[in-house]
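Listed below are the residues making up each chain.
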Amino acid sequence: MTDALTLTPNLAKPDDSYALLLAAHEGLTKAQSDALNARLILLLANHIGDSQVLKQALTEAKRGLRDD
Amino acid sequence: MNKIFEVPLYPYARHADQDAHPPARHKVVVVGAGPVGLAAAIDLAQSGVPVVVLDDNDKVSFGSRAICFAKRTLEIADRLGVGHAMANKGEEWNVGKVFFGDRKVYDFNLLPEDGHQFPAFVNLQQYYIEEYLVDRVRALQAEGAPIEMRGKNRVTNVSDHGDYAALTVETPDGAYTLETEWLIACDGAGSPIRAQMGLDFVGRVFEDNFLIADVVMDADFPTERWFWFDPPFNKGQSALLHKQPDGVWRIDLQLGWDIDKEAEKKPENVIPRLKAMLGDDVQFELEWVSIYTFQCRRMEKFRHGRVIFAGDSAHQVSPFGARGANSGLQDTDNLIWKLKLVLDGDADQSLLDTYDTERLAAADENILNSSRSTDFITPKSEMSRIFRDAVLDLSEHHGFARPLVNSGRLSVPSVYDGSRLNSADQLPGGPARTRPGAPCPDVPLDAGYLLAQLGGGFTLLSINAEVPDGFEEAGVTVSSLALTTETHTALAERYLGDATCAVYLIRPDQHVATRMDRFDAPHFRAALRRAIGKE
Ligand SMILES: Cc1cc2nc3c(=O)[nH]c(=O)nc-3n(C[C@H](O)[C@H](O)[C@H](O)COP(=O)(O)OP(=O)(O)OC[C@H]3O[C@@H](n4cnc5c(N)ncnc54)[C@H](O)[C@@H]3O)c2cc1C
């Protein structure tokens, strides 16, 4: 059985991590920010490795974005 | 000097069939003398089935079109007698370079596995392959084989009469009618036969245009595949440079959707584009230029009664991955032995429906791969471009991103997993690559290579195991080939895995029907019946 997507709090210092994400985008144009996000997703997806976890994450991320 | 593609190789000659009343009835007529039709006809003639090939034209493919031919194609071509001609003339290549913007992001080596008679890929102009196939037809004719080619014979109408098909053929001397027990339609992506029979051909058109040019130049670019994403000389688009024999280079330049095709094809517009890419000081000559819009589509099914479609007429892919002609040759490889059994009365016509199921699945696999490559090369939305560019940027520094770069997943043969012709896998510990349904990988033997020894029929291959000297079942003869692994590590690795001995039943198209850790007569007899559709 593969691991399920972690949906309980897992960041030791949530405010710090969140601030890291915001800080990374500071001073970037929209195009640069988009590139940063895409690279980050690819890096993290590879780190996770498990496509089932990725699928679950995509489902959660997509929730409520479309009517269907 | 005339190029081979300008010389009529099978010029029109009036045939007695044109005056026959009632119309002549043939065993098999192949329409189309492209690589697929020629391969089908040669395969039939080699197994003694009389065949007539009709083509609208009388020359090989105008300009190069396909250039990249995979190992499996060379193996099939070897059985047809042209594998070595192709491999000897072809340019072998292993290294590819990927560029993004103005920089090289990485290079790769296909690192072909040792112990195969043929290389992973060769580059060779399509007209050479067709020329070798026509030469082979001539050689077969000289040996008295029942194979005939008729140039300037354009098929304008086909009708299926249940136990035969009738064709109307236009010639310079007017029309005539032919009848045939079986018709193989290899009349290309635009298949007039498919259109005239009102059959569907559904899929995706990629809204993009590609300028494809073959240029002759004396340049010292290495024999490598160079692919550019968004290069400075073709902003926002892609480009490809690949070497062919005779100092000919293939160049693909993506042009986008809203262009004037006729204008773009004119040398005064093509030459500056090529100069921007190659540099002002490189001397070159244009051999052939064309503009393509790529599509991925296939027929709902390939067999329609007495009419069977193969190659581009049945399915079309974008060229990224070189899956067009390569998969077309696997079609005929799959079809011809089945048709021969049906013609000989050894198998029921329903065996031909497994050509459909096996090759439909293969077509879907090829379409999936080539659509994904096309989506990577020409992103369809802003976000897909952002991800694509992120992959390319990361690939410069990180190995993990390189497998995500997709400039074409090069053609590999399909495994017929789940085919009803397969019997159970009874070889515990056997390698996955030689499971039932898989194409046999080649292996070096004391003299020569394994695939060359499999011949054109069913083979019982034994490795460190006792087997009878062939057997006969349901009218079909199975020959045997007994090998040991004493000096053959590749054989052990590819066919035994963790097992110590094995027996394989191999189909005429060199796909595995079943395998077992010993020879058990009832198992193999049942497997043979199953492989010819009798169980
Ligand atoms: C730019 C480009 C690059 C490609 N690169 C590759 C590659 O690297 N590797 C690869 O494997 N594939 C490649 N392909 C695909 C490859 O060219 C085709 O898959 C291949 O030619 C298909 O062969 P075929 O015999 O099915 O059809 P075709 O080669 O199209 O032959 C059809 C034949 O039928 C004849 N015909 C048509 N209508 C009639 C009629 N009514 N009566 C009688 N005869 C008729 C035609 O004259 C023609 O000779 C490429 C294609 C393109 C366009």
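Since this is a predicted model, take the numbers as computed values, not measurements. (Residues numbered from 1 in each chain as written. Chains lettered and ligands numbered in written order. Predicted model: local features only at pLDDT ≥ 70, side-chain atom pairs only at ≥ 80, totals over all residues. Heavy atoms only, no water.)

### A closer look at the overall build of chain A
At step 1: Summing up its helical and strand segments, chain A has three helices and zero strands in all.
At step 2: Listing the helices and strands of chain A from first to last along the sequence gives α-α-α.
At step 3: The globule rule puts the C-alpha radius of gyration for 68 residues at 11 Å, and the 14 Å found for chain A is more than 25% above it.
At step 4: Expressed along its principal axes, the backbone C-alpha trace of chain A runs to roughly 40 × 35 × 25 Å.
At step 5: For chain A, the accessible area works out to roughly 5,900 Å², and carbon and sulfur atoms hold 59% of it.
At step 6: Charge separation in chain A, taken as the distance between the mean sites of 7 positive and 9 negative side-chain charges, equals 6 Å. (Helix = DSSP H or I, 4+ residues; strand = E, 2+ residues; numbered from the N terminus. Rg over C-alpha atoms; globule rule 2.2 N^0.38 Å. Areas by Shrake-Rupley, 256 points an atom, 1.4 Å probe, with all protein chains shown as cover. Lys, Arg positive; Asp, Glu negative; His and termini not counted. Charge placed at Lys NZ, Arg CZ, Asp CG, Glu CD.)

### Here we look at the overall build of chain B
At step 1: Scanning chain B from terminus to terminus reveals 13 helices and 27 strands.
At step 2: In terms of C-alpha radius of gyration, chain B reaches 24 Å, essentially the compact-globule figure of 24 Å for 535 residues.
At step 3: Taken over 535 residues, chain B has a buried fraction of 58%.
At step 4: At a minimum sequence separation of 6, the contacts of chain B that also span at least 24 residues come to 71%.
At step 5: Counting only carbon and sulfur atoms, one obtains 49% of the accessible surface of chain B, whose full area is about 20,600 Å².
At step 6: On chain B, the mean spot of the 55 positive side-chain charges and the mean spot of the 78 negative ones are 3 Å from each other. (Buried < 20%, exposed > 50% of the residue type's maximum accessible area, 1.4 Å probe, protein only. Contact = heavy atoms within 4.5 Å.)

### Description of the pairing of strand 10 (residues 165-171) of chain B
All names here are of chain B.
At step 1: Of all the seven residues making up strand 10, five are buried; the element is thus mostly covered by neighbouring parts of the structure.
At step 2: Of the strand pairs in this sheet, strand 9 (residues 154-160) and strand 10 are connected by six bridges, and their pairing is antiparallel. For Arg154, the partnering residue across the bridge sits in strand 10 and is Glu170.
At step 3: Where strand 10 meets strand 11 (residues 174-185), seven bridges bridge the pair, whose relative direction is antiparallel. Paired with Val169 across the bridge in strand 11 is Tyr176.
At step 4: Hairpin connection of strand 10 to strand 11: two residues between the antiparallel strands. (Pairing = 2+ DSSP bridges.)

### Re a nonpolar patch on the surface
All names here are of chain A.
At step 1: Taken together, the side chains of Tyr18, Leu21, Leu22, Leu40, Leu43 and Leu44 present a nonpolar region at the surface, about 570 Å² in accessible area.
At step 2: Contributions of two or more residues to the nonpolar patch are made by helix 1 (14-25) and helix 2 (30-48).
At step 3: For Leu22, the position within the fold is in helix 1. (Patch = residues over 30% accessible without salt bridge, like charges linked within 9 Å, V, L, I, M, F, W, Y side chains within 5 Å. Salt bridge = Lys/Arg side-chain N within 4 Å of Asp/Glu carboxyl O.)

### Notes on the sheet that holds strand 15 (residues 238-244) of chain B
Residue and element names in this part refer to chain B.
At step 1: Taken in spatial order, the seven strands of this open sheet run 6-5-14-15-16-13-17, and their pairing is mixed. Of all strands in the sheet, those bounded by a partner on one side alone are strand 6 (103-109) and strand 17 (284-292). The sheet shows a mean angle of 15° between the axes of neighbouring strands, taken without regard to direction.
At step 2: Examined bridge by bridge, strand 5 (residues 95-100) and strand 6 share six bridges and lie antiparallel to one another. Bridge pairing links Val95 to Asn109 in strand 6.
At step 3: Helix 7 (residues 267-278) rests against strand 13 (209-217), strand 14 (225-229), strand 15, strand 16 (248-256) and strand 17 of the sheet, and its axis sits at about 110° to strand 17. (Axes fitted to C-alpha atoms, helices over the stretch in contact; angles between N-to-C directions.)

### Topic: the domain arrangement of chain B
Residue and element names in this part refer to chain B.
At step 1: Domain boundaries assigned for chain B yield domain 1 (3-92 + 121-201 + 297-365), domain 2 (203-296) and domain 3 (425-531).
At step 2: Between the C-alpha centres of domain 1 and domain 2 the distance comes to 30 Å.
At step 3: Taken residue by residue, the interface counts 24 residues in domain 1 and 20 residues in domain 2.
At step 4: For the pairing of domain 1 and domain 2, the buried interface totals around 1,900 Å² over both sides, and the portion due to carbon and sulfur atoms is 56%.
At step 5: Across the pair Glu287 and Lys3 runs a salt bridge whose closest N-O atoms are separated by 2.8 Å.
At step 6: Only strand 4 (91-92) and helix 4 (126-142) provide two or more residues apiece to the side of domain 1 that touches domain 2.
At step 7: Taken together, the residues of the side of domain 1 that touches domain 2 break down into eleven nonpolar, seven polar and six charged. (Domains from an automatic or database assignment. Buried area = accessible area lost by both parts, 1.4 Å probe. Nonpolar A, V, L, I, M, F, W, Y, C, P; charged D, E, K, R; others polar.)

### With respect to the site of the ligand
All names here are of chain B.
At step 1: Taken together, 32 residues are adjacent to the ligand, and Asp55, Arg65, Gln126, Asp312 and Asn326 come closest.
At step 2: Pro35 is positioned such that a nitrogen or oxygen atom in its backbone is 3.4 Å from an oxygen atom of the ligand.
At step 3: In the environment of the ligand, an oxygen atom lies 2.9 Å from a nitrogen or oxygen atom belonging to the side chain of Gln126.
At step 4: Here the ligand has 1,000 Å² of accessible area as a free molecule, and 89% of this is covered by the chains.
At step 5: Contributions of two or more residues to the shell around the ligand are made by helix 1 (35-46), strand 9 and helix 8 (324-343). (Near = heavy atom within 4 Å. Polar contact = N/O pair within 3.5 Å; in protein donor to acceptor, adjacent residues only side chain to side chain.)

### Some details on helix 9 (residues 351-377) of chain B
At step 1: Here helix 9 of chain B contains 27 residues, and its C-alpha end-to-end distance of 39 Å stays within 8% of the 39 Å for a straight helix at 1.5 Å per residue.
At step 2: Buried residues dominate helix 9 of chain B, accounting for 19 of its 27 residues. (Expected span 1.5 Å × (residues − 1).)

### Here we look at the nonpolar core
At step 1: In terms of nonpolar packing, the biggest core is built from 96 residues, with Val28(B), Val30(B), Leu167(B), Ile184(B) and Phe458(B) touching the most fellow members.
At step 2: Sorting elements by how many residues they give to this core places helix 8 of chain B first, with nine residues.
At step 3: A domain split of this core shows at least three residues from each of domain 1 (3-92 + 121-201 + 297-365) and domain 3 (425-531) of chain B.
At step 4: Judged by nonpolar contacts, the second largest core, of 24 residues, contains Leu42(A), Phe100(B), Leu240(B) and Phe376(B). (Core = buried A, V, L, I, M, F, W, Y, C linked by side-chain atoms within 4.5 Å.)

### Observations concerning the pattern of salt bridges
Residues and elements named next belong to chain B.
At step 1: The final tally for this structure, using the stated rule, is 44 salt bridges over all chains.
At step 2: Between Arg494 and Glu113 there is a salt bridge whose closest N-O contact spans 3.5 Å. Highlighted residues: Arg494 in helix 12 (residues 489-495) and Glu113 in the loop between strand 6 and strand 7 (121-123), separated in sequence by 381 residues.
At step 3: Under the relative-accessibility criterion, Glu113 is labelled partly exposed at 35%.
At step 4: With its nearest N and O atoms 2.9 Å apart, the salt bridge here joins Glu358 to Arg507. Here the residue Glu358 occupies a position in helix 9, and Arg507 occupies one in the loop between strand 26 (502-506) and strand 27 (512-516), the gap between them amounting to 149 residues.
At step 5: Since its relative accessible area comes to 3%, Glu358 is described here as buried.

### Topic: the interface of chain A and chain B
At step 1: Tallying the contact residues gives eight residues for chain A and nine residues for chain B.
At step 2: With both sides pooled, the region where chain A packs onto chain B buries about 790 Å², and carbon together with sulfur makes up 83% of that total.
At step 3: For the salt bridge of Asp393(B) with Arg39(A), the shortest nitrogen-to-oxygen distance reads 3.0 Å.
At step 4: Our count for the chain A to chain B interface comes out at one residue pair in polar contact (both at pLDDT 80 or more).
At step 5: In the side of chain A that touches chain B, the residues fall into five nonpolar, one polar and two charged.

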